[in-house]
Amino acid sequence: MTKQFFLDQHGCAKNQVDGELLIGILQQEGWVRAKSAETADIIIVNSCGFIEAAKLESIEAVISARSRYPNAKILLAGCLAERYAEEFQQELPEADAFFGNGDLSQLPKIVHQMITNTKKDYRPALVPEQKGISCGIRPEILNFPRSVFIKITEGCNHRCSFCAIPLIRGNLRSRPIEDCVQEIQQFIKSGCYEFNLIGQDLAAFQGSKKTAYNFGTKPQGSIKSIEQTFPKKQSGLAELLQAISALEGDFRVRLLYIHPDNFPLDILPIMTQDSRFLPYFDLPFQSGSANILHLMNRRGSAEKYLELADTIRNAFRKAKSPYKTTVFRTTFLTGFPGETDFDFKQTEDFLTNLKSLWSGAFVFSKEEGTKAEHLPAQVPKKLAEKRLRILQDLQTEITQESLQFFCGYETDILIEEIIENAEIDGDSKVAIGRAWFQAPEVDGAIVVNYTDEQRDRSGNPFAPGSIIKAKIIAPRGFDLEAVAL
């Protein structure tokens, strides 16, 4: 009889890659991924443990699964299990076993222990050491077609006072450049178009470039001119981008999450000389107050961060980038201990001046083991939530104004979904996709009107994964409307 598992995926893109690896590991062991939890022998809740709300969501997923599927075995995996497995053995009887994320290759071991366990009150836990980076086959990608996340680092050496990531994922580890590039190369061969580089901080990547140019003919940019511009030792991220630039093919690369205090400026000449690198930067600034940033154990200020944004924008402007603009996504934390009205006003002013196209915000959550857990002057939750709404409203205003800028813009769209039976006039049909300035899952989308006679860039009928040329005609809230050309 075929053994089936169901993956209940939670958390960030980095956790998604872990989920894809779990799928590959179990399939190699003869398991089949179930389409729903109803037919599954085991249910894996791949949890998030970043902030309180995410923890509760994952715990509730376990409790709900136990209630709805009493005969299934439930494995709590991921960040929450990594940090609290021992406590959950006593306090979360709804789960049958617990598995951390330090070494995903040991998944079969804990699954075997779970399904063969006959002790009523015993729930096995396996939390391997945080060492190296879990890699391997990813036969099923949880994104929409032709888009994939590439994890290049694990863990973090920053000790931001509010963040539990180092406590969960450990210290920084970087994948060898050759491994990263070979994985991208394999996905290119399988038809992938969009590569989103991810890690706790891409700027901290510490690869080796001994094989940086062995993956194609030569980088599209002028390596000589880049080395003349930066004669000293390059950052690891710059070495990786040079190696990716050496690859042949029609693809796009987006960089997600770069710590602004350590932004490696030497990546800019590489990115501006190869248009496959998108001028999209995810820089989590967190606050516009120098006082709060200092308490967060960050070195920046609003002035320094705005100067960095200008430097990035100017690099693409001077290089006469084929893209219409440079896009920023950022993150803010409200209600950090000691945040006064004046501190928050500085954050408002900073966001107004930055004019990031996208941003997210979250309320401070006391995380066990972090320095901020015991800081004085804790901000009342209601006040922190009020400040959160103010930032969200401000970003909404900035985004909707900025999206007007794209009206009349002709650009490539990666189609994600075809909307069947859409009720619109005439022969026009509707698809949902994203342009280069929209990262998967977190940003807006583009609603594309097309007809059956139209084809994608390769001459094929429209389908998920198609690359089509479209003209943007109007904003739709956080989304945009376009017509296929």
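Bear in mind that the values here come from a model prediction, so they are computed numbers and not experimental data. (Residues numbered from 1 in each chain as written. Predicted model: local features only at pLDDT ≥ 70, side-chain atom pairs only at ≥ 80, totals over all residues. Heavy atoms only, no water.)

## Quick look at the packing of aromatic side chains
Moving on, step 1. Throughout the structure, instances matching the rule amount to 18 aromatic pairs.
Moving on, step 2. Ring geometry for Phe195 and Phe251: centres 5.9 Å apart, planes at 85°, overall edge-to-face. A residue pair is termed long-range when its members are at least 10 positions apart, and Phe195 in strand 10 (residues 194-198) and Phe251 in the loop between helix 8 (236-245) and strand 11 (252-255) qualify at 56 residues. Note on accessibility: Phe195 and Phe251 belong to one class, buried.
Moving on, step 3. Ring centres 5.8 Å apart and planes at 45° place the aromatic pair Phe406 and Tyr409 in the tilted group.
Moving on, step 4. Of the aromatic side chains, those joined through ring pairs into one cluster are Tyr323, Phe405, Phe406, Tyr409, Trp436 and Phe437. (Phe/Tyr/Trp six-rings, centres within 6.5 Å; stacked < 30°, edge-to-face > 60°. Helix = DSSP H or I, 4+ residues; strand = E, 2+ residues; numbered from the N terminus. Buried < 20%, exposed > 50% of the residue type's maximum accessible area, 1.4 Å probe, protein only.)

## Re the sheet that holds strand 18 (residues 467-476)
Paired through backbone hydrogen bonds, the strands of a sheet run either parallel or antiparallel to each other.
Moving on, step 1. Sheet architecture is closed into a barrel: five strands sit in the order 15-16-17-19-18, paired in mixed fashion. In this sheet, neighbouring strand axes are inclined to one another by 50° on average, regardless of whether the strands run parallel or antiparallel.
Moving on, step 2. Where strand 16 (residues 429-434) lies against strand 17 (residues 446-450), five bridges are found, and the strand directions are antiparallel. When the sheet's bridge partners are listed, Ile432 is paired in strand 17 with Val447. (Pairing = 2+ DSSP bridges. Axes fitted to C-alpha atoms, helices over the stretch in contact; angles between N-to-C directions.)

## As for the pattern of salt bridges
Moving on, step 1. Inspection of every chain in the model, using the stated rule, returns 24 salt bridges.
Moving on, step 2. Arg457 is the partner of Asp412 in a salt bridge, and the nearest nitrogen-oxygen pair spans 2.4 Å. Of this pair, Asp412 sits in strand 15 (residues 410-419) while Arg457 sits in the loop between strand 17 and strand 18, placing them 45 residues apart in sequence.
Moving on, step 3. Here Asp412 falls in the buried class, since its relative accessible area comes to 16%.
Moving on, step 4. On the basis of relative accessibility, which here comes to 39%, the residue Arg457 falls in the partly exposed class. (Salt bridge = Lys/Arg side-chain N within 4 Å of Asp/Glu carboxyl O.)

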